[in-house]
Amino acid sequence: MIRTPLRPLARILKARANGENPDAIQAENLRLRHEDIRDSARNRAEGRLLVLGAMFFCAFLVVGLRMGALASSVPEEPRVAASGNPIIGQRADIVDRNGRILATNLETHSLYAQIPDMVDPERAAIGLAAIFPELDADRLLTDFTGERHFLWIRRQISPEQMQAVHDIGDPGLLFGPREMRLYPNGSVAAHILGGASYGREGVHSAEVIGVAGVERAFDDFLRDPGNEGRPLELSIDLTVQAASERVLQGGMMLMSAKGAASVLMDVRTGEIISMVSLPDFDPNDRPQVLLEGDQSDSPLFNRAVQGVYELGSTFKIFAVAQAIELGLINATTMIDTRGPLQWGRHQIHYFHDYGAQLSATEVIVQSSNIGTARIAVMIGIQRQRDFLDSLGLLAATSVELSEAHSGAPLLPPNWSELSTMTISYGHGLSTSPLHLAAAYSSIVNGGTLVRPTLLRQDRPQFGPRVLSEDVSRIAVDMLRAVVTSGTASFGEVPGYQVGGKTGTADKPRENGGGYYDDKVIATFASVFPADDPQYVLIVTLDEPTVDALGEARRTAGWTAVPVAAEMIRRVAPLLGMRPDVETAAPVGVTLTSN
Amino acid sequence: MRGFLFVFSILGVMGLAFWAYQENYRTQQSLGEVRQLHSNIGAAHQRLNVLKAEWAYLNRPDRLRDLAELNFDRLGLLPLMPDAFGRIDQVEYPVLPLGPILGSIEVSSDNAPQEEDL
């Protein structure tokens, strides 16, 4: 760059000669120079601004285009960043306590029709009706030739059926993948598992949702992909459950009962090892809910959880145990059992008259209504109510089934002294067999509350104390005496020291007018082995009768007890319990001389 | 010097571009392999699931009970009952066969005719 001097000698000399001020020339040149500098700086700044503007324009253009592309394209799963196992997206399996499968999934296909693509609707309709007997060819043809564009034909088809549909060869008949919930054991544990069906359905997939039982109660867990296919472990033992169902089914037929339920529970952990309700159903093919009539006649009805019945004399142990806990009586206190007991215009009778007085143990062993009622009067209304509440008998159980809330006990509308008396021997308060199992467990396990659970536990529940250990021990001894010398003599199983209490309750009439004379609920609440209680088994038969010794018998001692004894005989070895028979002389060193 | 740096950096950029190009294709190939493996694992899982379901179905208690009853003559299987428990000293251990006699002592009368043979 040629730099113009501020004071060019030629112009200075000329200016001096003309008598002008040469400084004006310098000022003028300085001004011109500054203008030049300013212009070039502005040019450069404008250029930079232009470049910056262009850059921003390009950046915004790129961002805008990218956003447009993202918004208008189909979303895609990130492939690299996906953590964990991307494959297991199915509903989780349900397994028993030993890991045997109770519910799993199977890949099947659904069949649908894209009607505009169909080539020969008539042939397709006839072909489909030949493959699926429940479809009607004429109706299919009407659908295929009508206004519709899309038609679901079958939700699930087997591979053989799929091949047969392929053989029809119509391009409008299409298949979508479907996950099918499979219960490989059929009706075993049907009421616990419940069942599953389809929720939202699309062509490419369908949602499997639980409709009852644990499938519904744990729906969120089973569908959570974060579990990575971890199965739901139940406390049920499949073998024990199947054996219990078998025995109970046989017992129900033998006793010509219309229904039966059993609950086998671990007294320390509260785990339900088996829970049976008969009649049952196949969860793979769940029957329809009854639209009219009594829901309790439906096979879907879970008698062990939803069936609230007056469970009769099985409740007597609660009154006696509480009275001993409160120090009102002890096991040998003599109780006045003269009858009938009069309260207002009501009279309390009982089955046999055993004389003027019985000891507290005898009241349980002989099942004296009057004796128990007298003990209940000693306890009083509020204390009885509080105790039954602390055992969980006055609220629905917390068991993890979607039906649990519908098994809420029926309480007397007005808990009077008469209610106290009748409830002490199991009338006037209706509970489910599961309630009874939990309450018996709490009584016999040393006196701490257990809540029934269907999930596998690895440690005992340390619930709040409801009875002292001594009273729990006394109660178990009383229950043992009922079997050895009382109403449950058929309940003896050699080697397992069964203890228990029978209960026979007349069924209330549906229209509310008193009780039936010839319909009973027979219950046996048992605990074994009595020297170290581990399990509680409740067996309930609905309307049993058995002809024995020339007459029709309905009491629990003749009906529920033999069934329960057979069940213990079958189930206890499966639980790994060794019968405690008198052991042979121990092998060892014998002194021959002393 | 400047020229050298210039050439050197251009060569560097070209080298890095070549490396990035290769890495890109290697990554894409790996992704493809992973996808393939995932779909293989998925298919294997599905097969495994079907096998598990079939195993559970074949071992369902009803069927096993029926099979035990059908084959009672051959197998003699009974439900597990309390009398199935025994004590350890009731178990009969098989008598172990005697081992070969090692280091036996030769006696001069070993091959001598026995009295009966005489």
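Values in this document were obtained by computation on a predicted structure and should not be read as measured data.

**Q** It is not clear to me how the overall build of chain A should be interpreted in this structure. Could you clarify?
**A** Looking only at helices and strands, chain A features 17 helices and 20 strands. Taken over C-alpha atoms, the radius of gyration comes to 41 Å for chain A, far larger than the 25 Å a tight globule of 594 residues would show. Dimensions of chain A along its principal axes, counting C-alpha atoms only, are 160 × 75 × 75 Å. Buried residues in chain A amount to 43% of all 594 residues. Taking contacts inside chain A between residues at least 6 apart in sequence as the whole, the part at least 24 apart equals 69%.

**Q** Is there a simple way to think about the overall build of chain B in this case?
**A** A count of helical and extended segments in chain B gives three helices and zero strands. Put simply, chain B runs from its N terminus to its C terminus through helices and strands in the order α-α-α. In terms of overall dimensions, chain B is more spread out than a globule: its C-alpha atoms have a radius of gyration of 40 Å, far above the 13 Å expected for 118 residues. Out of the 118 residues belonging to chain B, those deemed buried represent 3%.

**Q** Teacher, can you tell me more about the interface of chain B and chain A here?
**A** Many structure descriptions define interface size as the accessible area lost when the parts assemble. Across the contact, 23 residues belong to chain B and 28 residues belong to chain A. When residues of the side of chain B that touches chain A are assigned to their parent elements, the largest contribution, 13 residues, is made by helix H1 (residues 2-58) of chain B. Along the lines of polarity and charge, the residues of the side of chain B that touches chain A split into 13 nonpolar, five polar and five charged.

**Q** I tried to follow the sheet that holds strand E16 (residues 499-508) of chain A on my own but got confused; where do I start?
**A** The strands making up a sheet associate through backbone hydrogen bonding, with each pair oriented either parallel or antiparallel. Residue and element names in this part refer to chain A. As summarised here, the arrangement of the five strands in space is E9-E8-E18-E17-E16, forming an open sheet in which the pairing is antiparallel. Strands at the two margins of the open sheet, each flanked by one partner only, are strand E9 (272-278) and E16. Averaged over neighbouring strand pairs, the angle between their axes works out to 10° when direction is ignored. Bridge count for strand E8 (residues 259-266) against strand E18 (residues 535-542) is eight bridges, and the pairing is antiparallel. Note that in E18 the partner of Leu 264 across the bridge is Leu 537. Of the strands in this sheet, E8, E9 and E18 touch helix H9 (residues 238-254), which is tilted by about 35° from E9. Those strands touched by helix H15 (residues 433-444) are E8, strand E17 (515-528) and E18, and its axis lies near 150° from that of E18.

**Q** How do you make sense of the pairing of strand E5 (residues 195-201) of chain A when you look at a structure like this?
**A** Walk down a regular strand and you will see the side chains alternate between the two sheet faces. Residue and element names in this part refer to chain A. Where E5 and strand E6 (residues 206-212) come together, five bridges link them in antiparallel fashion. The partner of Glu 201 across the bridge, within E6, is Ala 206. Two successive antiparallel strands, E5 and E6, enclose a turn made up of four residues.

**Q** Explanation requested: the pairing of E16 of chain A in the structure shown.
**A** Residues and elements named next belong to chain A. The element E16 is largely enclosed, with a buried count of seven among its ten residues. Summarising the sheet, E16 and E17 pair through nine bridges and their orientation is antiparallel. Paired with Pro 508 across the strands is Tyr 515, a residue of E17.

**Q** Can you help me understand unusual backbone geometry in this one?
**A** The general pattern is negative phi for most residues beyond glycine and trans for most peptide bonds. Residues and elements named next belong to chain A. In this structure, the amide linkage connecting Leu 278 to the following residue, Pro 279, adopts the cis form with an omega of -5°. You can see Pro 279 is positioned in the loop between E9 and strand E10 (309-310). Not every positive phi belongs to a glycine, and Ala 189 is a case in point at roughly 60°. Relative to the helices and strands, Ala 189 resides in the loop between strand E4 (173-182) and helix H6 (190-193). Located in the positive-phi region is Ser 256, a residue other than glycine, with phi close to 35°. Structurally, Ser 256 is set in the loop between H9 and E8. The class for Ser 256 is partly exposed, based on 14 C-beta atoms found within 10 Å.

**Q** Help me understand the nonpolar core, please; the structure alone is not making it clear to me.
**A** It is characteristic of soluble globular proteins that their nonpolar side chains tend to be buried jointly. Residues and elements named next belong to chain A. With 130 residues, the main nonpolar core has Leu 102, Val 214, Val 320, Ala 475, Val 536, Ala 564 and Ile 568 as its most contacted residues. Sorting elements by how many residues they give to this core places helix H17 (residues 560-574) first, with nine residues. When residues of this core are sorted by domain, at least three fall in each of domain 1 (94-133 + 140-233) and domain 2 (240-574). In this structure, Leu 111, Ala 113, Ala 124 and Leu 140 belong to the second largest nonpolar core, which totals ten residues.

**Q** Teacher, can you tell me more about the environment of Gly 312 of chain A here?
**A** Residues and elements named next belong to chain A. Checked against the element boundaries, Gly 312 lands in the loop between E10 and helix H10 (316-325). On the basis of neighbour counts, which here come to 25 C-beta atoms within 10 Å, the residue Gly 312 falls in the buried class. In this view, Gly 312 contacts Gly 426, Gly 503, Thr 504, Ala 505, Ile 521 and Thr 523; residues no more than four positions away in its chain are not counted.

**Q** Help me out: how do you make sense of helix H2 (residues 22-72) of chain A in this one?
**A** An α-helical turn contains 3.6 residues, so any two residues separated by three or four positions project in the same direction. For H2 of chain A, which comprises 51 residues, the first-to-last C-alpha distance of 74 Å matches the rise-based estimate of 75 Å (1.5 Å per residue) to within 8%. Counting buried positions along H2 of chain A yields zero of 51 residues, so the element is predominantly exposed.

**Q** Is there a simple way to think about the packing of H9 of chain A against H17 of chain A in this case?
**A** Two quantities define a packed helix pair, namely the angle between the axes and the distance from one axis to the other. All names here are of chain A. Contact geometry for H9 and H17: axes closest at 9 Å, N-to-C directions at 160°. The angle between H9 and H17 falls in the class roughly antiparallel. Handedness of the crossing formed by H9 with H17: right-handed. Residues Thr 239, Val 240, Ala 243, Ser 244, Val 247, Leu 248 and Gly 251 of H9 lie in contact with H17, whose contacting residues are Val 563, Glu 566, Met 567, Arg 570, Val 571 and Leu 574. Taken together, the residues that form the contact of H9 with H17 break down as eight nonpolar, three polar and two charged.

**Q** I'm lost on the domain arrangement of chain A in this one. Help?
**A** Residues and elements named next belong to chain A. Here chain A is described as being made up of domain 1 (94-133 + 140-233) and domain 2 (240-574). In this structure, domain 1 and domain 2 have C-alpha centres spaced 43 Å apart. Put simply, the parts of the chain that give the side of domain 1 that touches domain 2 at least two residues each are H6 and helix H7 (213-217). Considering only residue class, the side of domain 1 that touches domain 2 consists of eleven nonpolar, six polar and three charged.

**Q** Help me understand helix H1 (residues 9-17) of chain A in this model?
**A** In terms of burial, H1 of chain A is a largely surface element, zero of the nine residues being buried. Just past H1 of chain A, the residue Gly 19 of chain A takes up positive phi, approximately 75°.

**Q** I would appreciate a short explanation of the environment of Gln 357 of chain A in the present structure.
**A** Residue and element names in this part refer to chain A. Inspection of the secondary structure assignment puts Gln 357 in strand E14 (residues 357-359). The exposure class assigned to Gln 357 is partly exposed, which follows from the 15 C-beta atoms found within 10 Å. For the pair Gln 357 and Arg 338, spaced 19 residues apart in the sequence, the C-alpha separation amounts to 6.8 Å. Dropping the residues within four chain positions of it, Gln 357 is found in contact with Met 334, Ile 335, Asp 336 and Thr 337.

**Q** How do you make sense of the confidence of the model for chain A when you look at a structure like this?
**A** Close reading of the predicted structure is inappropriate where its pLDDT is low. The predicted model of chain A averages 86 in pLDDT, with 93% of residues at 70 or higher. The low-confidence segment residues 583-588 of chain A (pLDDT under 50) makes one contact with residues lying over four places distant or belonging to another chain.

Analysis parameters
- Throughout this document, residue positions are counted from 1 along each chain, in the order its sequence is written.
- As a convention, the first chain written is A and the first ligand written is 1, with the rest following in written order.
- Whole-chain, interface and lining totals are the exception, using all residues; otherwise, since this is a predicted model, local features are given only for residues with pLDDT of at least 70 and side-chain atom pairs are given and counted only at 80 or more.
- Helix and strand assignments come from DSSP, with helices taken as H or I runs of at least 4 residues and strands as E runs of at least 2, each series counted from the N terminus.
- In this treatment the radius of gyration is a C-alpha quantity, and the globule benchmark scales as 2.2 Å times the residue count to the 0.38 power.
- Three classes are used. A residue is buried when 20 or more other C-beta atoms lie within 10 Å of its own, exposed when 12 or fewer do, and partly exposed in between, with C-beta atoms placed from the backbone.
- By the convention adopted here, residues make contact when the C-beta atoms placed from their backbones lie within 7 Å.
- Gly counts as polar in this scheme, as do all residues outside two lists: the nonpolar Ala, Val, Leu, Ile, Met, Phe, Trp, Tyr, Cys and Pro, and the charged Asp, Glu, Lys and Arg.
- Pairing between two strands is assigned when DSSP locates at least 2 bridges connecting them.
- Angular values range over 0 to 180 degrees, each being the angle between N-to-C directions of two axes fitted as lines to C-alpha atoms, with helices fitted over their stretch in contact.
- Buried Ala, Val, Leu, Ile, Met, Phe, Trp, Tyr and Cys residues whose C-beta atoms connect them within 7 Å together make up a nonpolar core.
- The domain boundaries here were taken from an automatic or database domain assignment.
- Residue count minus one, scaled by 1.5 Å, sets the expected span of a helix.
- Just so you know how the angles are binned, under 35 degrees is roughly parallel, over 145 roughly antiparallel, 65 to 115 roughly perpendicular, and the rest oblique.
- Two helices cross in a left-handed way if the nearer one is turned anticlockwise from the farther one by less than a right angle. They cross in a right-handed way if the turn is clockwise.
- For every residue, the predictor states its confidence as a pLDDT score lying anywhere from 0 to 100.

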